[in-house]
Amino acid sequence: MGPHCVKCCRRQCGMQTCARQPHKQSKQFKPFTATNCVRSPEGHRSTRAVAVKHDDQDSSRWRQAGLGLAAATAAAAATAALGHLVLPAQAVTNEQLLFLEAWRAVDRAYVDKTFNDQSWFKLRETYLKKEPMANRPQTYDAIRKLLATLDDPFTRFLEPSRLAALRRGTQGSVTGVGLEITYDDASRTGIVVQTPVPGGPADKAGIKAGDAIVAVDGTPVKGLSLYDAADLVQGEANTQVELTLHPPGNPKAHHTVQLTRQKVNNSPVSYTTCLGAASAALPEGAASDRKLGYIRLATFNSNTTAAAQQAIADLKKQGVAGIVLDVRNNGGGLFPAGVNVARMLIDKGNIVLIADNQGIRDIYSADGNSIDKDTPLVVLVNRGTASASEVSLLLKVAAPKSSQSLICCPTASWSLNVTSLIAV
């Protein structure tokens, strides 16, 4: 989860917005103020131009002034009714209102207030005047073009079908080949394997983390969105799909793999105990016959919290000398699941602070109900540790004891900075 990630509340249209903070009126907006305010015969106050005819010679001049002031006053009333938005003269359509909602979401919370060194207000007016928005697909295209001007991989627009695909990927099972895929950070156009699901079709076929996907059933994926590529890979159970891949850093070594789609249950947590560990691996003062606990967190989905709770409680019951928490190649998933796991291991302190351009907005802290706050802990990470799994990196900082350690495991053959992840 990057520093410029725009969080969102979901609306019926499927668009993601982040309208939690009250919007401040733009300094560029200077509403027109009429100086002549009179009462109507009914006793209601109204703002209007008052033209007084002094003589025949000045009547034309006064009529022109009155009409001009009336027009300006009407424009000011329309502007005031719409808040800070200055809209084209024609009526605003529902599609344009949807576009404006997306524009406002970024305007309210985007951290970089230069908006990639461009006038965000001018862009709004330009798009309303020049971009076609006669139907929903055209409006979605306009929103995508608008966000593309930010040149920020952490700010994305998800239409309803893409949001549904993202939700399916966090439910713990998909019908596909058992892969988590993401963008190649170097080009932002290629697609690579984040991690294969253990025991899934891709894992059994030997597909590894970091492998680049070149084509699906002969269709090149370069330039496709992550969700379009996922649509090609997923399908009905017991159907065939062909993936063309190459190892990381070796684009000439193409090879194809035939896979059979099936329902893949992604078990997010696995754990075991290790006997006979070297004395150097044991906490200081621990007996040589003590066991180490090992927990592998593959992803953060709807099943992670319960599974991690069971693993930590079981290892504590067995009296392990220390716990190794492995989140290597864990591209994230559900943010609340990451916070829940952290709360199981620390008893006090802040875990995550979320800030937008207004400052710190949300604070997630330990709740004093940890399962095991005393057993020494080591966290294993690499460049594939991203998004929700980054919460685990804060365990060393948040924990009030010195027995927490963070071990980085760099991978020489490949690296990526995950900005989006989907299960296929």
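Rules used in this analysis
Residues numbered from 1 in each chain as written. Predicted model: local features only at pLDDT ≥ 70, side-chain atom pairs only at ≥ 80, totals over all residues. Heavy atoms only, no water. Helix = DSSP H or I, 4+ residues; strand = E, 2+ residues; numbered from the N terminus. Buried < 20%, exposed > 50% of the residue type's maximum accessible area, 1.4 Å probe, protein only. Contact = heavy atoms within 4.5 Å. Areas by Shrake-Rupley, 256 points an atom, 1.4 Å probe, with all protein chains shown as cover. Salt bridge = Lys/Arg side-chain N within 4 Å of Asp/Glu carboxyl O. Pairing = 2+ DSSP bridges.

Engineer: Is there a simple way to think about the overall build of the protein chain in this case?
Structural biologist: In terms of regular secondary structure, the protein chain is built from 10 helices and 20 strands. The burial tally for the protein chain puts 43% of its 424 residues in the buried class. Here the analysis covers contacts within the protein chain between residues at least 6 apart in sequence; of these, 68% occur between residues at least 24 apart. Summed over its atoms, the accessible surface of the protein chain is roughly 21,800 Å², and 51% of this surface lies on carbon and sulfur atoms.

Engineer: Explanation requested: the pattern of salt bridges in the structure shown.
Structural biologist: Close approach of charged atoms lets side chains of opposite charge pair. For the structure on display, the rule yields 10 salt bridges. As a salt-bridge pair, Arg-144 and Asp-141 come within 2.9 Å of each other at their nearest N and O atoms. Here Arg-144 and its partner Asp-141 are both found in helix α4 (residues 136-148), three residues apart, which amounts to about one turn of the helix. Among the salt bridges present, the one from Asp-326 reaches Arg-296, with a minimum N-O distance of 3.6 Å. In this pair, Asp-326 sits in strand β15 (residues 322-326) while Arg-296 sits in strand β14 (residues 292-297), placing the two residues 30 residues apart along the sequence. Since its relative accessible area comes to 17%, Arg-296 is described here as buried. The network of salt bridges with shared partners includes Asp-141, Arg-144 and Glu-159.

Engineer: When you look at the pairing of strand β8 (residues 212-216) in this model, what are you seeing that I'm missing?
Structural biologist: Regular strands place their side chains on alternate faces of the sheet. Among the five residues of β8, four are classified as buried, and the element is accordingly described as predominantly covered. When strand β7 (residues 191-196) meets β8, the two strands line up antiparallel, connected through two bridges. When the bridges of β8 are listed, Ile-191 appears paired with Ile-213. Alignment of β8 against strand β9 (residues 219-220), held across two bridges, turns out to be antiparallel. Note on β9: the bridge partner recorded for Val-216 is Thr-219.

Note that all results are geometric; they support no functional claim without further evidence.
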